[in-house]
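Overview (structure and organization)
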Amino acid sequence: MIEAINVMKAFDDKVVLKDISAVFEKGQTNLIIGQSGSGKTVLLKSLVGLHNVTSGDILYDGRSLLGLNTKQKKLLRQEIGMLFQGSALFDSMTVEENVRFPLDMFTNMSDEEKRDRTNFCLDRVKLENANSKLPSEISGGMQKRVAIARAIALNPKYLFCDEPNSGLDPRTSIVIDELIHEITVEYDITTIVNTHDMNSVMGIGDKIIFIFEGEKYWEGNKDDIFHVQNKQLEDFIFASKMFRKIKEANK
Ligand SMILES: Nc1ncnc2c1ncn2[C@@H]1O[C@H](COP(=O)(O)OP(=O)(O)OP(=O)(O)O)[C@@H](O)[C@H]1O
Ligand SMILES: [Mg+2]
């Protein structure tokens, strides 16, 4: 479980996150939704510790991120898997090398153990016969799978995904969403996903936090989101629906 407690983040005098408190549950896909520019990426980076919060705190199963020393932070990093906007693979490394990378960096595994773990993770995301390919030689959806395989290589307790569906067609997006959801449940991970994709919300929104201009406006789940009377949230849902309709009409 990850808790955000009164998180505030400002860049110089520009306040981007305003007093956000939220609980992200273990074994669930916790979604952060909101329109472009609302602060999702800044929030995710603050939760991971890539941004220092201006005030407030973040607890990882009760451990305060602010209270950790450098060594403890390094250990925590090893419990975290990340999937950034875009797949962010290393272009000059093969699929196998990309997935093995965190094992090389953080473990003392033998070559054989690393090979087994790498193959296990590639298998888990249903990528076979792609080990020696370069990222440029596989599709966008396959690249995301590689990124997921790499993110789970160290058996993370926490998984962060920033717009995992960006650039994917709707069907492939659903496959990636379901994969993230399955892995979350299977390994009991606290997963946090940034998205503005309403398909994701309806598909895997175990818990949803809606942010608007850096403030938390609503939280709930996929079953109650359509029954909420909240103007900003309704506008967001409506805009997403409109957007989908326009996209479909132009196909
Ligand atoms: N390093 C920074 N310095 C100053 N302002 C920043 C910085 N990073 C983000 N911002 C600002 O914070 C606000 C929120 O940005 P953020 O990237 O979190 O939005 P988002 O919800 O992730 O949008 P999108 O859906 O387009 O990815 C924006 O106004 C952005 O300009
Ligand atoms: Mg973003």
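Just above, that's the structure.
Description of the structure in this document. Predicted model, so just to flag it, every value in this text is computed and none were measured.

1. So, the overall build of the chain
Check the secondary structure of the chain and you find eight helices and ten strands. Its C-alpha radius of gyration of 18 Å places the chain within 12% of the 18 Å reference for a compact globule of 251 residues. The principal-axis extents of the C-alpha atoms in the chain amount to approximately 55 × 50 × 35 Å. Counting only residues that meet the buried cut, the chain has 46% of its 251 residues in that class. In the chain, 67% of the contacts between residues at least 6 apart in sequence involve partners at least 24 apart. Carbon and sulfur atoms make up 50% of the accessible area of the chain, which totals about 12700 Å². Considering the chain, the positive charge centre built from 32 side chains and the negative charge centre built from 37 side chains are found 2 Å apart.

2. Overview of the environment of Phe101
Among the structural elements, Phe101 can be located in helix H3 (residues 95–106). Under the relative-accessibility criterion, Phe101 is labelled partly exposed at 28%. For the pair Phe101 and His227, spaced 126 residues apart in sequence, the C-alpha separation works out to 45 Å. In this structure, Phe101 is in contact with Phe90 and Met93, ignoring residues within four places of it in sequence.

3. Digging into the sheet that holds strand S6 (residues 80–83)
The six strands lie next to each other as S6-S7-S8-S3-S9-S10, forming an open sheet whose pairing is mixed. With one partner strand each, in any of the chains shown, S6 and strand S10 (215–220) form the two edges of the open sheet. Going across the sheet, the axis of each strand differs from the next one's by a mean of 15°, ignoring polarity. In this sheet, strand S7 (residues 158–162) lies alongside S6 in parallel orientation, the contact comprising four bridges. If you follow Ile80 over to S7, its bridge partner there is Tyr158.

4. A closer look at the packing of aromatic side chains
Summed over all chains, the structure comprises five aromatic pairs. Ring centres of Phe90 and Phe101 lie 4.8 Å apart, and the angle between their planes is 55°; on these two criteria the pair is classed as tilted. Taken together, the residues span a long stretch of sequence, with Phe90 in the loop between S6 and H3 and Phe101 in helix H3 at a distance of eleven residues. Judged by centre distance (6.5 Å) and plane angle (85°), the ring pair of Phe210 and Tyr217 falls under edge-to-face. Overall, the relative accessible area of 32% leaves Tyr217 in the partly exposed class. An aromatic cluster of three or more residues is present, and its members are Phe210, Phe212, Tyr217 and Phe236.

5. Quick notes on the packing of H3 against helix H5 (residues 140–152)
It is at 7 Å that the axes of H3 and H5 come closest, and there the two elements cross at 25°. It follows from the interaxial angle that H3 and H5 lie roughly parallel. Taken as a pair, H3 and H5 cross one another with a handedness that is right-handed. Contact residues: Val95, Asn98, Val99 and Pro102 in H3; Val146, Ala149 and Arg150 in H5. Of the residues assigned to the contact of H3 with H5, the class counts are five nonpolar, one polar and one charged.

6. Observations regarding the environment of Ile32
One can find Ile32 in strand S3 (residues 28–33). Overall, the relative accessible area of 0% leaves Ile32 in the buried class. It is 8.7 Å that separates the C-alpha atoms of Ile32 and Lys207, two residues lying 175 residues apart in sequence. Ile32 has contacts with Phe24, Lys40, Leu43, Leu44, Leu47, Ile192, Val193, Asn194, Thr195, Ile209 and Ile211, leaving out every residue within four places of it along the chain.

Cut-offs used in this document
Along every chain, residues carry numbers that run from 1 in the direction the sequence is written. Chain letters and ligand numbers both follow the written order, the letters beginning at A and the numbers at 1. Under the rules for a predicted model, residues below a pLDDT of 70 receive no local features and side-chain atom pairs below 80 are neither given nor counted, while totals for whole chains, interfaces and linings still include all residues. Only hydrogens and water are set aside when side-chain values are computed; all heavy atoms of the structure are taken into account. Secondary structure counts use DSSP, requiring at least four H or I residues in a row for a helix and at least two E residues in a row for a strand, with both numbered from the N terminus. Our radius of gyration is a C-alpha quantity, and the globule rule it is checked against amounts to 2.2 Å times the number of residues to the power 0.38. Only protein chains enter the calculation, and the probe is 1.4 Å; a residue is then buried if its accessible area is under 20% of its type maximum, exposed if over 50%, and partly exposed in between. Two residues qualify as a contact provided that any one of their heavy atoms is within 4.5 Å of a heavy atom in the partner residue. For every accessible area listed, the method is Shrake-Rupley and the probe measures 1.4 Å; residues are considered covered only by the protein chains on display. Lys and Arg are tallied as positive, Asp and Glu as negative. Neither His nor the chain termini are counted. Taken as the charge centre is NZ of Lys, CZ of Arg, CG of Asp or CD of Glu, depending on the residue. When DSSP finds two or more bridges between a pair of strands, those strands are recorded as paired. Fitted lines through C-alpha atoms give the axes, limited to the stretch in contact for helices. The angle between two N-to-C directions lies from 0 to 180 degrees. Only Phe, Tyr and Trp rings are paired, with Trp represented by its six-membered ring, and only when their centres lie within 6.5 Å; those with planes under 30 degrees apart are stacked, over 60 edge-to-face, the remainder tilted. Throughout, the term roughly parallel applies to angles under 35 degrees, roughly antiparallel to angles over 145, roughly perpendicular to angles from 65 to 115, and oblique to all others. When the near helix sits turned anticlockwise from the far one by under a right angle, the crossing is termed left-handed; a clockwise turn instead gives a right-handed crossing. In this classification, the charged set is Asp, Glu, Lys and Arg, the nonpolar set is Ala, Val, Leu, Ile, Met, Phe, Trp, Tyr, Cys and Pro, and all remaining amino acids, among them Gly, are polar.

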